[in-house]
Amino acid sequence: MLALASPASLKGVLTATEAAGLVATGLRRVDDLEVDELPVADGGEGTMEVLATVLGGAWGVARVSDPLGRQITARYLMLPSGLAVVEAAEAIGLSRLQHYELDPMHASSRGLGELILATLFAARPAALLVGLGGVATVDGGAGLRGVIGNTLGAQRIIVACDVQTPLLGERGAARAFGPQKGATPEMVEELEARLEAMIELRPVRDMPGAGAAGGIGAMLAAVGAELVPGAECIMEMIGFEDRAGIADLVVTGEGRVDRGTQEGKAPGKVAEACARLDVPCVVFGGEVEEEVPGTTTVRLSGRPEYAAEDLVELGEQLARQLVEYESARSEL
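K.L.:
I tried to follow the overall build of the protein chain on my own but got confused; where do I start?
P.N.:
The helix and strand inventory of the protein chain stands at 11 helices and 11 strands. Against the globule reference of 20 Å for 332 residues, the protein chain gives a C-alpha radius of gyration of 20 Å, in line with a compact fold. The principal-axis extents of the C-alpha atoms in the protein chain amount to approximately 65 × 45 × 35 Å. Taken over 332 residues, the protein chain has a buried fraction of 56%. For the protein chain, the proportion of contacts with a sequence separation of at least 24, taken over those separated by at least 6, is 73%. Summed over all atoms, the accessible surface of the protein chain reaches about 14000 Å², with 49% contributed by carbon and sulfur. Across the protein chain, the mean location of the 27 positive side-chain charges is 7 Å away from that of the 48 negative side-chain charges.

Below, the structure is given as structure tokens:
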């Protein structure tokens, strides 16, 4: 029997790689069970680490601006294939700010533009993958465009979006995701109006992924980049279905399981893949607002300080259940 540990990150608590290792530790406490670890990501924070863990590669660094314009050091990844990877969250992520610094009315995406240009100049890649998600900005990519200009030229840029939502509306960049970046209801409506007024985004604002990363998805599409579903892109790159297809159980999850989990987040896409492969799937969350259809959805304690212990305990519990089930079935 084989169990596959494929969680995404628990933002601010555990990386996807750490979470996979903890689930696997619990699974391995039960004899007669083979365990495989394959962390997943969707373009948001931790995407580069997942790709580096599974595919290898070389890290580079650049000096860029954080969401409030302060100079920081951000990383990029050069994969063995010749593809370079940058993460929006590495430069302008929520994790770059303290909670009291959140300022969606003024936070800028400029640092991502700087990171893209620095990576293209230093690495000279065959193509560039930009992971979108987990940012502190809702500027529609205005800061980024101020750096990269109106076109990407002949450079192929693929944009892995962590959500497939449009730019505007109830599930758009401002209304759906502005509050988690510090926006009050009044700010949300002003941010929505700002995004709606950006003429250059109008042709692409209904495109899936346009609302990703505070509207950066729309801006990158407007200057010629290719938007793709982030989780599906990363899962294909790491060979997820090949490894899940031979498993008897797949365990995935993230810090918060909610409606967004089924709108492009990695655990939701893992669950969809498992359904196609007819492999049982367990989805865990520190908090669970909505269960993921077709899975066993498990709520953890919800206390970040116990997250590691929760995951080891969950792995052991699932391993015992799987072994008991297979033992009972073999006796029939």
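K.L.:
Teacher, can you tell me more about the sheet that holds strand S1 (residues 2–5) here?
P.N.:
Picture the strands of a sheet paired through backbone hydrogen bonds; they go either parallel or antiparallel. The 5 strands are arranged S2-S1-S9-S10-S11 in an open sheet whose pairing can be described as parallel. This sheet does not close on itself; its edge strands, each paired only once, are strand S2 (34–37) and strand S11 (296–299). Put simply, the sheet's adjacent strands are angled 25° from each other on average, direction ignored. With 4 bridges connecting them, S1 and S2 associate as parallel partners. Residue pairing across strands places Ala3 opposite Val35, the latter belonging to S2. Relative to the sheet, helix H10 (residues 266–277) contacts strand S9 (249–257) and strand S10 (281–288), its axis offset from that of S9 by approximately 155°.

About the cut-offs
- Residues numbered from 1 in each chain as written.
- Predicted model: local features only at pLDDT ≥ 70, side-chain atom pairs only at ≥ 80, totals over all residues.
- Heavy atoms only, no water.
- Helix = DSSP H or I, 4+ residues; strand = E, 2+ residues; numbered from the N terminus.
- Rg over C-alpha atoms; globule rule 2.2 N^0.38 Å.
- Buried < 20%, exposed > 50% of the residue type's maximum accessible area, 1.4 Å probe, protein only.
- Contact = heavy atoms within 4.5 Å.
- Areas by Shrake-Rupley, 256 points an atom, 1.4 Å probe, with all protein chains shown as cover.
- Lys, Arg positive; Asp, Glu negative; His and termini not counted.
- Charge placed at Lys NZ, Arg CZ, Asp CG, Glu CD.
- Pairing = 2+ DSSP bridges.
- Axes fitted to C-alpha atoms, helices over the stretch in contact; angles between N-to-C directions.

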